[in-house]
Amino acid sequence: MQLLATLGRRLLVVLPILFVVSALLFTALRVLPVDPAAMSMPPTATRDEIEAARRAMGLDQPLPQQYAIWLGHVVHGDFGRSIHLRRDVVELVRQTLPATIELALCAMLVAAVLGLAGGLLLFALRDNPAEPVAETGTTLMMSVPEFLWALLFIFVFGVALQAMPFTGRLDPGMIRPDITGFLLLDALLAGRLDILRSAAAHMVLPAFALGIAFAPPIMRVLRSSLLDVYHEDYIHQARLRGLSETRILLRHALKNAILPTLTLMGVQFGFLFGGSLLVEVIYSYPGLGNLMVDAVRNADLPIIQAVGLTYCVVVLVINSVVDGLYLTLNPRLRAR
Amino acid sequence: MTVLRAEALSVALRQGGAEIPVLNRIDLALAPGRVLGLVGESGAGKSMIGRTVAQLLPPHFAVSGGKLEFAGRDLVSMPPRARRALLGREIAFIPQEPLTALNPVRTIGSQFAEHFARLGEGDHRARTVAALEAVHLPDPAGLLARYPHQLSGGMCQRVLIAMAFASRPKLVVADEPTTALDVTIQARIMELMQEMRARDGTAVLFITHDLRLAAQVCDDIAVLYAGSVVEQGPAAAVLGGPRHPYTRCLQLAIPAMTGPRRALLALPEQMPGLRAMTTLRGCRFAPRCPLAAEQCRAAPPPLGTEDHRAACFRAELTPTIAPPEETLATHIQPGNPVLDVAGLGKRFRTGSLFRPGHMDAVSEASLAIASGEFVAVVGESGSGKSTLGRLLVGLERPTAGRILLAGRDVTAGTEADRRHRVRNVQMVFQDPQSALNPRRRVAAIMTQAMEAVGAPAAERARRAAELLAEMGLAPETGARSPAQLSGGQRQRVNIARALCTVPPLLVADEIVSGLDVSVQAQLLNLLRRLRAELDFALLFISHDLAVVRHVCDRVLVMHRGRIVEHGPTEQVFAAPRHEYTRTLLDSMPKDFPMA
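Treat the numbers as computed from the prediction; the structure is a model and nothing was measured.

Participant: Mind showing me how you'd approach the side chain of His202 of chain A here?
Facilitator: All names here are of chain A. Topologically, His202 is positioned in helix H9 (residues 193-211). One polar contact links the side chain of His202 to the main-chain carbonyl oxygen of Thr167, over a distance of 3.4 Å. A distance of 2.8 Å separates the side chain of His202 from the backbone oxygen of Ser198, its partner in a polar contact. Residues contacting His202, with those up to four places away along its chain left out, are Pro165, Thr167, Gly168, Arg169, Leu170 and Asp171.

Participant: Where do I start with the packing of aromatic side chains in this structure?
Facilitator: Each aromatic ring pair is characterised by the separation of its centres together with the angle its planes make. By the definition in use, this model includes 15 aromatic pairs over all chains. Through a chain of ring-to-ring contacts, the aromatic side chains of Phe19, Phe26, Tyr67, Trp70 and Phe79 of chain A assemble into a single cluster. Lying across the ring of Tyr230 of chain A, Arg126 of chain A places its NZ or CZ 5.8 Å from the centre. The side chain of Arg531 of chain B reaches across the aromatic face of Phe374 of chain B, ending 4.1 Å from its centre.

Participant: Explain the interface of chain A and chain B to me, please; I cannot follow it from the model alone.
Facilitator: A common way to report how large an interface is uses the accessible area buried once the components associate. The partner chain B presents 27 residues to the 25 residues of chain A that form the contact. Interface area for chain A against chain B, summed over the two sides, is near 2,400 Å², with a carbon-plus-sulfur share of 59%. The largest per-residue losses of area from chain A upon contact with chain B belong to Gln237, Leu240 and Arg241 of chain A, which jointly make up 26% of the total buried on that side. Summed over the shared surface of chain A and chain B, the number is 1 salt bridge.

Participant: What's the story with helix H7 (residues 146-160) of chain A in this structure? I'm lost.
Facilitator: In an α-helix there are 3.6 residues to a turn, and that puts residues three or four apart on one side. Residue and element names in this part refer to chain A. Across its 15 residues, H7 extends 20 Å between first and last C-alpha, which sits within 8% of the 21 Å expected from 1.5 Å per residue. Of all the residues in H7, the buried ones are Glu146, Trp149, Ala150, Phe153, Ile154 and Gly158. The elements touched by buried residues of H7 are helix H6 (131-143), H9 and helix H12 (245-282). Looking one or two residues beyond H7, the residue adopting positive phi is Gln162, at roughly 50 degrees.

Participant: Help me understand the sheet that holds strand S14 (residues 374-378) of chain B in this model?
Facilitator: All names here are of chain B. As summarised here, the arrangement of the 6 strands in space is S17-S18-S19-S14-S20-S21, forming an open sheet in which the pairing is mixed. Strands with a single pairing partner mark the edges of an open sheet, and in this sheet they are strand S17 (425-428) and strand S21 (562-568). With strand direction ignored, the average angle separating the axes of adjacent strands in the sheet is 20 degrees. In this structure, S17 lies alongside strand S18 (residues 505-509), joined through 4 bridges in parallel fashion. Directly across from Val425, in S18, lies its bridge partner Leu505. Each of S14, strand S20 (554-559) and S21 is contacted by helix H23 (residues 579-587), which is oriented at about 100 degrees to S20, the strand it contacts most.

Participant: Even after reading the chapter, I still don't get the state of the cysteines, so can you show me in this structure?
Facilitator: Applying the stated rule across the entire model yields 0 disulfides over all chains. Sulfur of Cys312 of chain B: no disulfide; nearest cysteine sulfur belongs to Cys289 of chain B and is 6.0 Å away.

Participant: Sorry if this is basic, but what is going on with the domain arrangement of chain B here?
Facilitator: All names here are of chain B. By domain assignment, chain B separates into domain 1 (4-90 + 167-320), domain 2 (101-166) and domain 3 (337-587). Between domain 1 and domain 3, the C-alpha centre-to-centre distance is 34 Å. Taken together, the contact between domain 1 and domain 3 spans 27 residues of the former and 26 residues of the latter. At 3 residues, the largest contribution of residues to the side of domain 1 that touches domain 3 is made by helix H7 (residues 183-200).

Participant: How should the pattern of salt bridges be read in this particular structure?
Facilitator: Any two side chains of opposite charge can pair, on the condition that their charged atoms come close. Scanning all chains against the criterion turns up 35 salt bridges over all chains. Here Glu451 of chain B ties to Arg440 of chain B by a salt bridge, and the two come within 2.7 Å at their closest N and O atoms. Taken together, the positions of Glu451 of chain B in helix H17 (residues 448-452) and Arg440 of chain B in the loop between helix H15 (432-435) and helix H16 (442-446) put the pair 11 residues apart, joining distant regions of the chain. Taking relative accessible area as the criterion, Glu451 of chain B reaches 38% and is therefore assigned partly exposed. Arg440 of chain B gets classed as partly exposed once you look at its relative accessible area, which sits at 22%. What you see here is one network of salt bridges that share partners, running through Arg247 of chain A together with Arg106 and Glu114 of chain B.

Participant: Please clarify how the nonpolar core should be interpreted in this entry.
Facilitator: The nonpolar side chains of a soluble globular protein tend to be buried, and buried together. Within the largest apolar cluster, 109 residues are counted, with the highest numbers of intra-cluster contacts made by Val53, Leu171 and Leu205 of chain B. At 8 residues, helix H6 (residues 153-165) of chain B tops the list of elements feeding residues into this core. Looking at which domains feed residues into this core, each of domain 1 (4-90 + 167-320) and domain 2 (101-166) of chain B gives three or more. The next biggest cluster of nonpolar side chains, apart from the first, holds 60 residues, and it includes Phe26, Met219, Ile303 and Val322 of chain A.

Participant: In this structure, what is going on with the packing of H7 of chain B against H23 of chain B? I would like to understand it.
Facilitator: In helix packing, the relevant descriptors are the interaxial angle and the interaxial distance, both defined with respect to the helix axes. Residues and elements named next belong to chain B. Closest axis-to-axis distance for the H7/H23 pair is 8 Å, and the angle between their directions is 50 degrees. Here H7 lies oblique to H23, going by the angle between them. Between H7 and H23 lies a crossing of left-handed hand. Of H23, the residues touching H7 (which contributes Val183, Thr184 and Ala187) are Thr583, Leu584 and Ser587. Of the residues belonging to the contact of H7 with H23, the class tally is 3 nonpolar, 3 polar and no charged.

Participant: Teacher, can you tell me more about helix H1 (residues 46-54) of chain B here?
Facilitator: All names here are of chain B. Taking burial as the measure, the 9 residues of H1 include 7 buried ones, the bulk of the element. The complete set of buried residues in H1 reads Lys46, Met48, Ile49, Gly50, Thr52, Val53 and Ala54. Residue Gln55 follows H1 closely and has a positive phi angle near 55 degrees.

Participant: Before we go on, may I ask you to explain the sheet that holds strand S1 (residues 4-15) of chain B in this structure?
Facilitator: Strand pairs in the sheet, formed through backbone hydrogen bonds, run parallel or antiparallel to each other. Residues and elements named next belong to chain B. Taken together, 4 strands build an open sheet; the order of strands is S2-S1-S4-S5 and the sheet is antiparallel. Two strands in the sheet have a free side with no partner beyond their single neighbour: strand S2 (18-30) and strand S5 (73-74). The strands touched by H1 within the sheet are S1, S2 and strand S4 (61-70), with S2 carrying the most contacts at an inclination of about 80 degrees.

Participant: What exactly am I supposed to notice about unusual backbone geometry here?
Facilitator: Excluding glycine, residues mostly carry a negative phi; peptide bonds, for their part, are mostly trans. All names here are of chain B. With phi around 45 degrees, Glu176 is a residue other than glycine that occupies positive phi space. By the secondary structure assignment, Glu176 is in the loop between strand S7 (171-175) and H7. In this structure, Glu510 takes a positive phi of about 50 degrees despite not being glycine. Looking at where Glu510 falls in the secondary structure, it is placed in the loop between S18 and helix H20 (517-533). Judged by relative accessible area, which is 9%, Glu510 ranks as buried.

Participant: Sorry, what's going on with the environment of Glu373 of chain B here?
Facilitator: All names here are of chain B. With respect to the helices, strands and loops of the structure, Glu373 is situated in the loop between strand S13 (356-370) and S14. A C-alpha to C-alpha distance of 7.5 Å links Glu373 and Phe536, two positions 163 residues apart in sequence. Residues in contact with Glu373, not counting those within four places in the same chain, are Pro334, Ala368, Arg531, Ala537, Leu538, Asp553 and Arg554. A distance of 2.8 Å separates a polar side-chain atom of Glu373 from the backbone nitrogen of Ala370.

Participant: Would you mind showing me how to read the environment of Arg309 of chain B here?
Facilitator: Residues and elements named next belong to chain B. Within the secondary structure layout, Arg309 lies in strand S11 (residues 309-310). Separated by 66 residues in sequence, Arg309 and Arg243 place their C-alpha atoms 7.6 Å apart. With residues near it in sequence (within four places) discarded, Arg309 still touches Val230, Glu231, Gln232, Arg243, Leu303 and Gly304. Among the polar contacts listed, one links the side chain of Arg309 to the backbone oxygen of Glu306, at a separation of 2.9 Å.

Participant: I would appreciate a short explanation of the side chain of Ser518 of chain B in the present structure.
Facilitator: Residues and elements named next belong to chain B. Secondary-structure assignment places Ser518 in helix H20. Residue classification places Ser518 among the buried residues on the basis of a relative accessible area of 2%. Only 2.6 Å separates the side chain of Ser518 from the side chain of Glu41, close enough to count as a polar contact.

Procedures and definitions
- Residues numbered from 1 in each chain as written.
- Chains lettered and ligands numbered in written order.
- Predicted model: local features only at pLDDT ≥ 70, side-chain atom pairs only at ≥ 80, totals over all residues.
- Heavy atoms only, no water.
- Helix = DSSP H or I, 4+ residues; strand = E, 2+ residues; numbered from the N terminus.
- Polar contact = N/O pair within 3.5 Å; in protein donor to acceptor, adjacent residues only side chain to side chain.
- Contact = heavy atoms within 4.5 Å.
- Phe/Tyr/Trp six-rings, centres within 6.5 Å; stacked < 30°, edge-to-face > 60°.
- Lys NZ or Arg CZ within 6 Å of the ring centre and 35° of its normal.
- Buried area = accessible area lost by both parts, 1.4 Å probe.
- Salt bridge = Lys/Arg side-chain N within 4 Å of Asp/Glu carboxyl O.
- Expected span 1.5 Å × (residues − 1).
- Buried < 20%, exposed > 50% of the residue type's maximum accessible area, 1.4 Å probe, protein only.
- Pairing = 2+ DSSP bridges.
- Axes fitted to C-alpha atoms, helices over the stretch in contact; angles between N-to-C directions.
- Disulfide = S-S within 2.5 Å.
- Domains from an automatic or database assignment.
- Core = buried A, V, L, I, M, F, W, Y, C linked by side-chain atoms within 4.5 Å.
- Parallel < 35°, antiparallel > 145°, perpendicular 65-115°, else oblique.
- Left-handed = near helix turned anticlockwise from the far one by under 90°.
- Nonpolar A, V, L, I, M, F, W, Y, C, P; charged D, E, K, R; others polar.

So this is what it looks like as structure tokens:
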């Protein structure tokens, strides 16, 4: 009940945010010195033909009016047609969004698993001579940007060791089942283990490249919140009750220390989703990022607008989900 | 058969090759069903004894000599696994802060189930319900699904007592189990502990700073000072006729609940810290002792072996230590009204946007204070006494009523009201640690009020020097930062800051709670001296009735946001009219007979 109320309250905030973001996006793109009308015509088109195209696209109207028209369409789920690809924008986003979400979730999983395991390791190493070594390791992990990891992984695991595929989502020749758009899920639903294996193998390098840099902050937050929690009275009291150290860590300390880590992951996911763009390009991964890069190259305004707004919606949704999760894990936030 | 026996037990802190003694050759013996009280001020080492029993000492602390036996088994040499097996089974602990001693993200039921599972007993649920019933908690079955934050401090302590006694332990170590609780709850928790002790024949090691409470609860008492037992014996003998000067001084530092008001004996300075302990050669109490002679500084006095024993060369002189003469006029004629409050109320909004609610922290409060008057507001946590103080100084905005301060209505809280307030009322907060900016020097903190009006630096320095002298602080203290001061010194700085411009009204919120009794006596004496020297009225918010009786002429009793009783202190204490005031007074541990 409270969960629903919280999500409901979230929604009230989300709509104005979306309105502001869409207005900003629209204005910024119109200020760019590109002429979508001219770009949509063959190079041989005459000035009059371009002018006619411009009128047809509504580009001769004043900016606020253009925005109002666009918004009117958007509210009805119509983001227009791609100028360059000549296809429905909503359809393009629908085809690529699941791929990017899948990549981002896998990367987040990598970051979370590495982060939590590393955090526990760092905590176990406290006051140990090996601690500075581990610290240096995490700093190194964090200071290498995701595109460098991507290139490094391609070189080491793809080219030198030839252990992992590094382009696209599937082996060539495989036909992907299209049920939900989430390839790993679809392969499972279709019962095609060969496809699942191939898709998973293709996911490994991009997910690690994208997720690895996000693990060290999780490690550090988990370590420091574990250190804090170990100063709490209830840990001392659990010891006085004779509980084992393992049990105190897993059943008492971790349940409390995980909470700040969760908040961090929520924030990170937004950055991670945005960071997927470069990784997608490097691994020729057919997601939202590649769609966006192509659209920018071609000044394909309808796509840029739609994708930009999609990024915004995804980040807002993730934030709401994390808030809900936080509420279920932390009883103190629930109504008394 | 003794449950717990310590023989010449010593604990030391090893630091950079040096060994600093923390506990010094402690001898204790505790028989089944008995309550042994460890009393003393903070830093005396009483909690360290409790931690040594659990063998959970802080890093770098270790037993450096002597023996500690539990039911005939040596706890010090016992392997950790065997020792851990004892904890929670045969030795149980009741903590000081019940609200933080339970895991906040797990239900009461799951924490109990874990405990019973470890004890290896089946049917957790029925056992848990029975255990919670035994500590008189209402609706024990419903409690299982609740989280600690949904319970009050007293309920949490009952849960923890239930958990401690669930395994029918031989020994329970209770470390200040009621310090964080209200006095009415304290009375009931102590009753409960006695009941459980009687049921199981458990031996209790009761650690407390409260002599009055110890007198009421304990069979035997050991008084600790700077890591040594200075006096030991049957509770009635030790507190009825103390033989060590420290015990006597502590008693004389505590304000009485009955009898004539007497001046408090304030021991000078404070207990030596860990570092100072290594350099002290003779009796550790000698530097502060009113009886100290040459002999005391040469070698430490032995404790002796009598039933009631004290480590003092001059024990026969102890009864001659007398409280100081009452020199200050106790009754000061009230002058013009400073504060006049009528129908004051503060309503906080609670609940959510969808389910609004409200809570009246203060309602219909009316009071008046004249210049020079010391008025107390007493009540338990949540009674609204702090909110009342915050309303008066303008930290909260009232939702009803009016506040007339030095002839001006400041209820609206406009900018002009604020300026009027700054000149006429100042507040002293409870915790000087957080009330003093750690990045500023003491002199600058004390003269903060002059900063606001742009006083020249020379004038501020002059005033700071005056204030230091008035507060009994050394002149060089002005150049220190708050972190370099002791708790008592910090609270003096805190008071000096509020008194910098000598406002007509001072609001003090629990300014002596959390301080040791000897430091508390210093501050209370200071307040009374300041009253004679300066012209200000005081609204003294406190939960400690004895302190209130010592300091204030009039008292207001608050209960659930309302002032339920109001009158001259002596009259209210002698003949309380409201039911709640009676409960409050009855819950206070009684005075011990004073020789």
